[in-house]
Amino acid sequence: MDYFQGLRTQIRTYLVFVILAENILLIGGIWYAVTHLGISLGYVALGAYAVSIIMTFIITFAAADYSMQPLQAIWQAVVHLAPHEQRVSAPNINKLVVGRVLVSHLAAQVYQIASVAEQAGPAPEPAPELKANFVAGSLPLPLFVLDSSQTILFANRAACAYIGRPMEDIGGQDIRSVLRMSFTSEHTLDSWLQEVKQSSVTASNTWERVRLDVTDNQPTRLFDLAAYYNKGNSARYETLLVLFDHTKRYSQDDQAVSFMALSVHELRTPLALLRGYIEALEEETRGTLTPEVAGFMAKMSATAQQLSATVSTILNVARVDNEQLVLKLHEEDWGAVVKAAVDMMSLRAQVRGITLKLTVTGELPPVGVDRIGIQEVISNLIDNAIKYSGTSKDVSISAGLNGEGLIETTVRDYGVGIPVAVMPNLFTKFYRDHRNRAQIGGTGLGLYLCKAVVTAHGGNIWVKSKEGKGSSFSFTVLPYSKLAEAGKNGDTKEITRSAHGWIKNHSLYRR
Amino acid sequence: MDSTTQAGPGGKRVLCIEDEHFISELYARALRQAGYNADFESDGQQGLLKAQTDQYDIILIDLMVPTIDGIAVLRALRDPAKTPHLKAKVIIITNLEQRDEVRADIERQADGYIIKAEITPRELVGILDNLKLS
């Protein structure tokens, strides 16, 4: 009510002022004309009347105009916000002569009502401008436009074809019920949208290998998803989704890993038997064999164990390549983890006459590792150290806390060393030193896998070597406390991995 | 290979549901020499029925057994409606890697998962020796 009082006062003030000013000027003019210019009163009076009539018209028109402005501004504000109306721009309140405060206040109310109505209103019809838009309609990629409550405002031809439902069906529906998507991690479209709605004005993101869950008669689809979010878009187009279909390629990748898994199974079946028979034979012949033959038995055992490890390495490398190697990081005692790995390798070292020496320096904090995964790393490094030991009989493994608070582990051999030319390619796949290929068998998968696993743990791996003197491979793992900081959860929601095996709350390799 | 139980005095009772005859033989040899009472079933359905008698401390299940597979056996054993009480620790033994679809189930419902090619029979015995039983 104050605003109206203000407007009333404004109009009255202006009018009174203008009319008073006009009268004063007229009377002053008349007096001046009669007394100083000597014009007769009659003519002056006529002149004054003429001026007065003209002024009346001017003042009246002006007053009417300026008084109508607030009303016009409010009309403009309302129409501007009404849905599907002709495009009217927002009112320019600063151009008003009177009633600026009143109009600002009313306009604000109107905006508020409009946004509330938008949220509470019935499902909006698909935006007509988008339907007619060439780019949106003809884009050969499925495109969805969503409003602030994730309701589908528009889906182009490609999108409707992709999910096999017409626009009439899906317009006005929640995207989550129309597109049932499974993501490869817990960072889903939903979780991202919740985040950006709070913290950003615009944002974009992509997801790979999103799976469209199978519904009635639609096959499984695999695609990459790109999303663009903008807050407070005037046409309510808040989120844009574009899908890039890769069903064929991704399912082939899955096939490739399945083929690998099947092959691995075929290899493992006779391998398990072989290892069992070798062990039984060793037990049954203990004490009855010559040292040489007993040595053969031990070597058979070690070789079979190594074969088993190689089969696992092949499978894991295939997984790394298909981005399917995932690790479960738990709180572990690093000393125990390293010791178990070293124990596993003891037979293989022994048959080559090599002694493994383990030193753990200082009190180590609990680490965040995938036990099986990281043990594979240590085993691979020890395996390499044994292979390249040449005539040396020692391999040393040391672990301790480094200057950056990370747990650093080093496997050192005193053998042939690595030529400088070879060093840059050491952690790549299939790399083998051409000079030694004839003497030492094996694939170049081990170090490649080590690097992938260590990196996935958040650590680093590097090598120092001198030809003829030996090599030392070092890697770091994070203390469990640091992992928690870095936002990687240890025990609750983590990505899983299948491994040699695991026993809950139990050390698999304890003897 | 079907059940041939050796009545050892106070030895832990193990049921092994495994259809590969040769590996059963090797495991039986090692388990019995270590003092375990070991029963073997080569069929999934038969194995489940035996397991449900709740007379075992440890149950080893191979994933690929006939009639009903290892996962189905595991689920049935962990379903209170089908198996009201089971004191045994259940361990999956297999040469298969965990497939996505069953991974979650196994991790939740089994007490362990061992890849046969990664261990010898004696090593299996060592693992079972160290299992904390209820």
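Presented here is a report on the structure given in the accompanying data block. (Residues numbered from 1 in each chain as written. Chains lettered and ligands numbered in written order. Predicted model: local features only at pLDDT ≥ 70, side-chain atom pairs only at ≥ 80, totals over all residues.)

Scanning chain B from terminus to terminus reveals five helices and five strands. Secondary structure elements in chain B, listed N-terminal to C-terminal, are β-α-β-α-β-α-β-α-β-α. Residues classed as buried in chain B amount to 47% of the 134 residues present. Expressed as a percentage of contacts within chain B between residues at least 6 apart in sequence, the contacts between residues at least 24 apart total 63%. (Helix = DSSP H or I, 4+ residues; strand = E, 2+ residues; numbered from the N terminus. Buried ≥ 20, exposed ≤ 12 C-beta atoms within 10 Å, placed from the backbone. Contact = placed C-beta atoms within 7 Å.)

On to the overall build of chain A. Across its full length, chain A holds 15 helices and 14 strands. The buried share among the 511 residues of chain A stands at 28%. Considering only contacts in chain A between residues 6 or more positions apart, those separated by 24 or more positions represent 65%.

B:Val14, B:Ile59, B:Leu60, B:Ile61 and B:Ile92 are the most contacted members of the largest nonpolar core, which totals 51 residues. For this core, the leading source of residues is helix 1 (residues 21-33) of chain B, giving six residues. Excluding residues within four positions of it along the chain, B:Ile59 makes contact with B:Leu15, B:Ala51, B:Ala88 and B:Val90. Listed in part, the 47 residues of the second largest apolar core include A:Val369, A:Ala385, A:Val395 and A:Ile397. (Core = buried A, V, L, I, M, F, W, Y, C linked by C-beta atoms within 7 Å.)

This next bit is on unusual backbone geometry. Residues other than glycine seldom take positive phi values, yet A:Gln150 does so here, at roughly 60 degrees. Mapped onto the elements of the fold, A:Gln150 is located in the loop between strand 1 (143-146) and strand 2 (152-155). By C-beta crowding, A:Gln150 is classed as partly exposed, having 18 other C-beta atoms within 10 Å. One non-glycine residue, B:Thr67, adopts positive backbone phi at about 75 degrees. On the secondary structure map, B:Thr67 appears in the loop between strand 3 (58-62) and helix 3 (70-78).

Residues and elements named next belong to chain A. Strand order in the open sheet formed by five strands is 8-10-11-13-12, and the pairing between neighbours is mixed. Every other strand in the sheet has two partners, leaving strand 8 (355-360) and strand 12 (461-466) as the edge strands with one partner each. Averaged over all adjacent pairs, the angle separating strand axes in this sheet is 15 degrees, with direction ignored. Sitting on the sheet, helix 12 (residues 334-351) touches strand 8, strand 10 (394-401) and strand 11 (407-413), and the angle it makes with strand 8 is about 175 degrees. (Pairing = 2+ DSSP bridges. Axes fitted to C-alpha atoms, helices over the stretch in contact; angles between N-to-C directions.)

Let us now look at helix 12 of chain A. Residue and element names in this part refer to chain A. If you check helix 12, its first and last C-alpha atoms are 27 Å apart, about what 18 residues at 1.5 Å a residue would give, namely 26 Å. The axis of helix 12 is deflected most strongly, by about 40 degrees, at Met345. Every buried residue belonging to helix 12 is among Trp334, Val337, Val338, Ala341, Val342, Met344, Met345, Arg348 and Ala349, and all of these are buried. (Expected span 1.5 Å × (residues − 1). Bend = angle between axes of the 7 residues up to and from the residue.)

Attention shifts here to the sheet that holds strand 4 (residues 202-212) of chain A. All names here are of chain A. Read across the open sheet, the six strands follow the order 2-1-6-5-4-3; overall the sheet is antiparallel. Two strands close off the open sheet at either side, each with one partner strand: strand 2 and strand 3 (181-182). Of the strands in this sheet, strand 3, strand 4, strand 5 (221-230) and strand 6 (239-245) touch helix 9 (residues 189-199), which is tilted by about 10 degrees from strand 5.

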